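Chain by chain, the residues:
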Amino acid sequence: MESLKKKYNNLPLRKFFVISVLFTICFVAALSGMVIFGCTAFRHYLLPDPNAVYLTIERTLSDGSTVTSVQLFEFDDDPQKFAQLVSDQKEQNTVLDEKYSIQKIEKSYDTMGPRRKLAYQSCGVIMAAFPAVSSIIGILLCGLYFYKRKLAEPLKLLSDATAKIASKDLDFSIQYGFNDEMGALCQSFEHMRMALYENNKILWKMLEERKLMQASIAHDLRNPIAIIEGYTEYLQLNLPNGKLSIQRILRISDNLNKAAKRLEYYTESIRRINQLEDVELNLKETPVLEFVKDIEDDFSVIASGLNIHLIVTHDLQDCLVKLDGAVVYRILENVFGNAMRFAKEKITISFSINEQNLLISVSDDGCGFPDDILKNKSNLLLPKPKEDGHMGIGLTISRILCQKHGGNLELSNHNGATVKIIIGI
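Residues numbered from 1 in each chain as written. Predicted model: local features only at pLDDT ≥ 70, side-chain atom pairs only at ≥ 80, totals over all residues. Heavy atoms only, no water.

Engineer: Help me out: how do you make sense of the overall build of the protein chain in this one?
Structural biologist: A tally of regular secondary structure across the protein chain gives 10 helices and 10 strands. When the 425 residues of the protein chain are sorted by exposure, 31% land in the buried category. Considering only residue pairs separated by 6 or more positions, the protein chain has 70% of its internal contacts joining residues 24 or more positions apart. A total of about 27200 Å² of accessible surface is found on the protein chain, and carbon and sulfur atoms cover 58% of it. (Helix = DSSP H or I, 4+ residues; strand = E, 2+ residues; numbered from the N terminus. Buried < 20%, exposed > 50% of the residue type's maximum accessible area, 1.4 Å probe, protein only. Contact = heavy atoms within 4.5 Å. Areas by Shrake-Rupley, 256 points an atom, 1.4 Å probe, with all protein chains shown as cover.)

Engineer: When you look at the environment of Asp97 in this model, what are you seeing that I'm missing?
Structural biologist: On the secondary structure map, Asp97 appears in strand 3 (residues 95-104). Setting aside its immediate chain neighbours within four residues, Asp97 contacts Glu58, Arg59 and Thr60.

Engineer: Teacher, can you tell me more about the nonpolar core here?
Structural biologist: A general tendency of soluble globular proteins is for nonpolar side chains to be buried together. Ranked by size, the top nonpolar core spans 43 residues in total, and within it Leu332, Ile347, Ile349, Phe351, Ile360, Val362 and Ile421 carry the most contacts. Phe351 has contacts with Val292, Ile295, Val312, Thr313, His314, Asp315, Leu316, Leu332, Leu359 and Ile360, leaving out every residue within four places of it along the chain. Ranked by size, the runner-up nonpolar core spans 12 residues in total, among them Leu11, Phe16, Ala161 and Phe172. (Core = buried A, V, L, I, M, F, W, Y, C linked by side-chain atoms within 4.5 Å.)

Engineer: I'm lost on the side chain of Arg193 in this one. Help?
Structural biologist: Within the secondary structure, Arg193 sits in helix 5 (residues 181-238). Within the structure, Arg193 has its side chain in polar contact with the side chain of Glu190 (distance 2.8 Å). Not counting chain neighbours up to four residues away, the residues in contact with Arg193 comprise Leu170, Phe172 and Ser173. (Polar contact = N/O pair within 3.5 Å; in protein donor to acceptor, adjacent residues only side chain to side chain.)

Engineer: Mind showing me how you'd approach the sheet that holds strand 9 (residues 408-413) here?
Structural biologist: Sheet strands line up and pair through hydrogen bonds in the backbone, either parallel or antiparallel. Taken in spatial order, the five strands of this open sheet run 5-7-8-10-9, and their pairing is mixed. Among the strands making up the open sheet, the edge pair consists of strand 5 (309-314) and strand 9. Recorded for the sheet is a direction-independent mean angle of 15° between the axes of neighbouring strands. Where strand 8 (residues 357-364) lies against strand 10 (residues 417-424), seven bridges are found, and the strand directions are antiparallel. (Pairing = 2+ DSSP bridges. Axes fitted to C-alpha atoms, helices over the stretch in contact; angles between N-to-C directions.)

Engineer: Teacher, can you tell me more about a nonpolar patch on the surface here?
Structural biologist: Judged by side-chain polarity, Phe17, Val18, Leu22 and Ile25 come together as a nonpolar surface patch covering roughly 360 Å² of accessible area. Along the polypeptide, Leu22 turns up in helix 2 (residues 13-46). (Patch = residues over 30% accessible without salt bridge, like charges linked within 9 Å, V, L, I, M, F, W, Y side chains within 5 Å. Salt bridge = Lys/Arg side-chain N within 4 Å of Asp/Glu carboxyl O.)

Engineer: When you look at the confidence of the model for the protein chain in this model, what are you seeing that I'm missing?
Structural biologist: Across the protein chain, the average pLDDT comes to 81, with 83% of residues at or above 70. Segment residues 82-86 is flagged for pLDDT under 50; beyond a separation of four residues in sequence, or across chains, it makes five contacts in the model. (pLDDT = per-residue confidence, 0-100.)

Engineer: Please clarify how the packing of aromatic side chains should be interpreted in this entry.
Structural biologist: Applying the stated criterion to the full structure yields eight aromatic pairs. Judged by centre distance (6.5 Å) and plane angle (15°), the rings of Phe23 and Phe27 are stacked. Of this pair, Phe23 and Phe27 are both found in helix 2, four residues apart, which corresponds to roughly one turn of the helix. Between Phe299 and Phe336, the aromatic rings sit 4.4 Å apart at their centres with planes inclined by 10°, giving stacked as the arrangement. Of this pair, Phe299 sits in helix 7 (residues 288-305) while Phe336 sits in helix 8 (residues 325-342); the two residues are 37 residues apart in sequence, bridging distant segments of the chain. As far as burial versus exposure is concerned, Phe299 and Phe336 are alike and both buried. Three or more aromatic residues link up through ring pairs in this structure, and these residues are Phe16, Phe17, Tyr145 and Phe146. One residue, Arg43, lies across the ring of Tyr120, its end atom 3.7 Å from the ring centre. Lying over the aromatic face of Phe16, Lys150 brings its terminal NZ or CZ to 4.9 Å of the ring centre. (Phe/Tyr/Trp six-rings, centres within 6.5 Å; stacked < 30°, edge-to-face > 60°. Lys NZ or Arg CZ within 6 Å of the ring centre and 35° of its normal.)

Engineer: When you look at the pattern of salt bridges in this model, what are you seeing that I'm missing?
Structural biologist: In this structure the tally under the stated criterion is five salt bridges. Of the charged contacts in the structure, one is a salt bridge between Lys150 and Asp180, with a shortest N-O distance of 2.9 Å. With Lys150 in helix 4 (residues 114-166) and Asp180 in the loop between helix 4 and helix 5, the pair connects residues that are 30 residues apart, well separated along the chain. Of the two residues examined, Lys150 and Asp180, each falls in the buried class. Here Asp160 and Lys156 are joined by a salt bridge, their closest N and O atoms 3.0 Å apart. Pair noted here: Asp160 and Lys156 are both in helix 4, with a separation of four residues, about one helical turn. In this structure Asp160 comes out as partly exposed when scored by relative accessible area, which is 34%.

Engineer: Would you take a moment to explain unusual backbone geometry for this structure?
Structural biologist: Leaving glycine aside, a negative phi is the common case for residues, and trans is the common case for peptide bonds. The backbone of Asn307 shows a phi angle near 60°, a positive value even though the residue is not glycine. Within the element layout of this structure, Asn307 appears in the loop between helix 7 and strand 5. Its relative accessible area of 70% is what places Asn307 among the exposed residues. Although it is not a glycine, Asn415 adopts a positive phi angle of roughly 55°.

Engineer: In this structure, what is going on with the environment of Asp364? I would like to understand it.
Structural biologist: Here Asp364 lies in strand 8. On the basis of relative accessibility, which here comes to 9%, the residue Asp364 falls in the buried class. In this structure the side chain of Asp364 is engaged in a polar contact, spanning 2.8 Å, whose partner is the backbone nitrogen of Gly366.

Engineer: I keep staring at the packing of helix 2 against helix 4 and nothing clicks. Help me out?
Structural biologist: Angle between the axes and distance between the axes: these two values describe a pair of packed helices. Direction vectors running N to C along helix 2 and helix 4 enclose 170°, while the axes themselves pass 9 Å from each other. Here helix 2 is positioned roughly antiparallel relative to helix 4, judged by the angle of their axes. Regarding helix 2 and helix 4, the two cross each other, and that crossing is right-handed. Among the residues forming the contact of helix 2 with helix 4, the class breakdown is 23 nonpolar, eight polar and four charged. (Parallel < 35°, antiparallel > 145°, perpendicular 65-115°, else oblique. Left-handed = near helix turned anticlockwise from the far one by under 90°. Nonpolar A, V, L, I, M, F, W, Y, C, P; charged D, E, K, R; others polar.)

Encoded structure:
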C-alpha cells in the first residue's frame, strides 16, 4: 500500500492530472446518477397511480339528505372488496336513491396537491442543476487538489530559494521528495544554487587573495621607495656643500638605478597578473604524446646549457586531449624555469592522466621550497623577493593559469621541490 502510494505521488504531472480528472469525472457522474435516480423515484412516488380508480357513491336518504363516500380501488384488487357496495336491509329501507360513479386517476401533474407539486418541481430543479453544479465543484476541487498536492510545495520552495538568492544568501538547500517534473526542476535549481555557491566561494577566495597579494606588493614597494627617498634627501643635503666624491655619487646613482629597476619589476609583475584575467583559452584536440615530445625537446636544450640532466617519464597512451597547448606550455615554462634556478644536477618531469585531468609533476634535487611558501601554497600570494631579485611571480602566474584551465597547482618537498600541475582536459 505504501509503495503504491509512493508510486502514485511520483507520477509525472500530466499523468497525475489526468488520473485526478478521470477520478473526479467518475465520482461526479456516479453521484449525479444516484441523485437523478433518487429524484426520479421520488417524483414517481409523488404522481398518482395510473392503475387505481376512485369509486364515488352518492346516496339520497328518506329524509332528503345526501351522503357521498369515495373509495380508492386498484384494478388488481380482489373482487370481494366490492361487496362493500351492497347495502344492508336496514339501510335500503332508508335510502331512496343511489348513484355510482368511477373516476380513473390520470398520471398528471395537475391532479397533485400544492405540496406535492412543490416537491415535484424541486426534484426537477435538482435533477437539472445537480450535474452542472457538481461538475463545477468537482473541477474546482480537482484543481485545488492538484495544486496543493503537486504545485504548492515546490513553488514555495522555489519562491523562497529565489528570494534567498536575491538577498545573496546561498547557504541553504532545496529538498523535494517526489521524482516528478517539479522534483526535476527543484533538483536543477539546487544544482544551480550549488554552482553559484561554489563560484562565489572561488570568487571570494580570489578576491581575498588578490587583496592580500596587493597588500604584500604594496609592502614590498616601500623598500625601494624608501631607498630612493633616502638617497635623494642625502644628495640634496650634501651635494651643495661639495662633500661627496665622484665615486660616492656614482655608487649612489647605481643604487638608485637598482631600486628603480626593482620598482619597474614590481609594476610589471602586477600588470602581468592583471592581464591573466583577460586570457581566453583556445582548447584544441591535441595528440598527447606529440605534446610531451615537444616539451622534452625544448626543455632538454635549456637544461643541457646549464649542465642539468632532464628526465621525462610518462605512462600515456597515444590519444587526443583537449587543452590549450600555449597556456600549458607557459605553465610548464614558468615551473621549469623556477626548478632550473635551484636544481643541482637533475630535473624530473612526469606525465599521467587521471580521470579528466592531465597530471604533470616537476621535481628538482635542490633545497626545496621555504616554509613560508609551503604554508601559503594554496594562495595567490607573491613570496617576498629573494636576494637575486626573483619574486616567484612565475609560480603565481602558473597557479592562476591552472585554475583557468580547470585545474590547480600544488607545491611540496620530496628530496627537493616538487610542483604538481593539474590541467582539466
